[in-house]
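An overview of the molecular structure
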Amino acid sequence: MPAFTPDQELDLLFNPDLIPASVKAELPADLHIRPLARTDYHRGHIQILGVLTSAPDPGLAGYQATFDAQRNIVNTYYTLVIVNKANDQIVAVGCVFVERKFLRNLGKVGHIEDIAVSKDMQGKKLGLRVIQALTGISESLGCYKTILNCSDDNIPFYKKCGYEKKENEMAKYNTAPLSGPSRASTPKL
């Protein structure tokens, strides 16, 4: 069984001090919340995302390229994980990304995405802790609101987290999306 890896030994996506101390204090002693690490491919990050939807394995090189791309867009992506200290594996994950706006006095909006908790760890308030941490990060960065999309089945959970139902979501899915690293090359218009 791998030993727990402390934050200072990891290449992290963002400064762990952004995670509210109040959320850290609410976690059981055998769990640790921190930013996503470049090596989290080996800690089951992709498998945890599979709880939500299809999450094909991008391979280590693809995973690290995406990690690097997100980190290079500074002050935008804040993916965090909860790690089981006993086996150094991820048991919960979530992300908030910050959109900079031209309206609201050049305001910012936090978008929460990809909240997932390992099936064997559900019911232990880890999803709540992830939402609290991401909301805290969004607010500490000065976002005037933090939003998320969810299924109707998950509305009661998000209401418990302090969110309210507002408006509707619309989606149009691309039937032939680009895949892999080629997405980074976008033509100038």
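Refer to the structure above for everything that follows.
So, a few notes on the structure that sits alongside this text. (Residues numbered from 1 in each chain as written. Predicted model: local features only at pLDDT ≥ 70, side-chain atom pairs only at ≥ 80, totals over all residues. Heavy atoms only, no water.)

Observations regarding the overall build of the protein chain
For the protein chain, the count of helices and strands is six helices and five strands. For the protein chain, the sequential pattern of α-helices and β-strands runs α-β-α-α-β-β-α-β-α-β-α. Taking 189 residues into account, the globule formula puts the C-alpha radius of gyration at 16 Å, and the protein chain, at 17 Å, falls close to it. On the principal axes, the C-alpha backbone points of the protein chain span a range of 50 × 40 × 30 Å. With 189 residues in all, the protein chain has 40% of them scored as buried. Carbon and sulfur atoms make up 52% of the accessible area of the protein chain, which amounts to about 11800 Å² in all. (Helix = DSSP H or I, 4+ residues; strand = E, 2+ residues; numbered from the N terminus. Rg over C-alpha atoms; globule rule 2.2 N^0.38 Å. Buried < 20%, exposed > 50% of the residue type's maximum accessible area, 1.4 Å probe, protein only. Areas by Shrake-Rupley, 256 points an atom, 1.4 Å probe, with all protein chains shown as cover.)

A word on unusual backbone geometry
Most peptide bonds take the trans configuration, and most residues that are not glycine carry a negative phi. Here Asp-88, not a glycine, exhibits a phi torsion of approximately 60°, which is positive. Mapped onto the fold, Asp-88 is located in the loop between β2 (77-84) and β3 (89-100). Classification of Asp-88 by relative accessible area gives buried; the value is 5%.

Notes on the pattern of salt bridges
If charged atoms from side chains of opposite charge come close, those side chains can pair. Tallied over the full model, the rule gives eight salt bridges. For the salt bridge of Asp-40 with Arg-43, the shortest nitrogen-to-oxygen distance reads 3.0 Å. With a shortest N-O distance of 3.0 Å, Asp-88 and Arg-43 are connected by a salt bridge. In this pair, Asp-88 sits in the loop between β2 and β3 while Arg-43 sits in the loop between β1 (31-35) and α2 (45-49), placing the two residues 45 residues apart along the sequence. One network of salt bridges, with partners in common, ties together Asp-11, Arg-38, Asp-68 and Arg-71. (Salt bridge = Lys/Arg side-chain N within 4 Å of Asp/Glu carboxyl O.)

What about the sheet that holds strand β5 (residues 145-148)?
The sheet built from five strands is open, its strands ordered β1-β2-β3-β4-β5 with mixed pairing. Every interior strand has two partners, whereas the edge strands, β1 and β5, have only one. With direction set aside, neighbouring strand axes in the sheet form an average angle of 20°. In the sheet, strand β4 (residues 108-117) pairs with β5 via four bridges, with the strands oriented parallel. Within the sheet, the bridge partner assigned to Val-109 lies in β5 and is Lys-145. Helix α5 (residues 126-140) contacts β1, β2, β3, β4 and β5 of the sheet and is inclined by roughly 30° relative to β3. (Pairing = 2+ DSSP bridges. Axes fitted to C-alpha atoms, helices over the stretch in contact; angles between N-to-C directions. Contact = heavy atoms within 4.5 Å.)

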